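Secondary and tertiary structure notes
These are the residues of each chain, in order.
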Amino acid sequence: MNSCNLVATITGIACTLSNCLSEEELAILAAALTQLGDTIATILTNEEIRENCCNGSSEDFDLR
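Rules used in this analysis
- Numbering of residues starts from 1 in every chain and runs along the sequence as written.
- Side-chain atom pairs in this predicted model are given and counted only at pLDDT of 80 or more, local residue features only at pLDDT of at least 70, and totals for whole chains, interfaces and linings cover all residues.
- Excluding hydrogens and water, the side-chain values take into account all heavy atoms of the structure.
- Whenever a carboxyl oxygen of Asp or Glu lies within 4 Å of a side-chain nitrogen of Lys or Arg, that contact is scored as a salt bridge.
- What counts as a helix is a DSSP run of H or I of at least four residues, what counts as a strand is a run of E of at least two, and both are numbered from the N terminus.
- Within this analysis, patches are made of residues with over 30% relative accessible area and no salt bridge. Like charges are joined at 9 Å or less; nonpolar side chains (Val, Leu, Ile, Met, Phe, Trp, Tyr) at 5 Å or less.
- Exposure was quantified through the Shrake-Rupley algorithm and a 1.4 Å probe, taking into account, for residues, occlusion by the shown protein chains and nothing else.
- Under the scheme applied here, a residue whose accessible area is under 20% of the maximum for its type counts as buried, over 50% as exposed, and between as partly exposed, the area being computed with a 1.4 Å probe on protein chains only.
- The term polar contact refers here to a pair of N or O atoms within 3.5 Å; inside protein, the definition further demands a hydrogen-donor-capable atom paired with an acceptor-capable atom, and it admits residues adjacent in sequence only when both atoms are side-chain atoms.

With that settled, the discussion passes to the pattern of salt bridges. Under the definition given, this model contains 1 salt bridge. Put simply, Glu-47 and Arg-50 hold a salt bridge, and the shortest N to O gap is 3.2 Å. Of this pair, Glu-47 and Arg-50 both sit in helix α2 (residues 23-53), separated by 3 residues, roughly a single helical turn.

Written out as structure tokens, the structure is:
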């Protein structure tokens, strides 16, 4: 899927949800999806750091 199709699809989903859910439901859904995205970004970043700095070690990255 190209970028324009992806954006259009996401916009369509958002518009459909906004017609089906209350403001309170939309707010919790938006917060949950933001948390999901942030958690995925954290996991991917941690994996990249481990691969680049720890020579691919499976040990957890230590922030100390």
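Turning our eyes to something else, we now look at a nonpolar patch on the surface. Judged by side-chain polarity, Leu-33, Leu-36, Ile-40 and Leu-44 come together as a nonpolar surface patch covering roughly 390 Å² of accessible area. Along the chain, Leu-33 turns up in helix α2.

Before going further, it helps to spend a moment on the side chain of Arg-50. Residue class for Arg-50 comes out buried when judged on its relative accessible area of 13%. Looking at Arg-50, its side chain comes within polar contact range of the side chain of Glu-47, at 3.2 Å.

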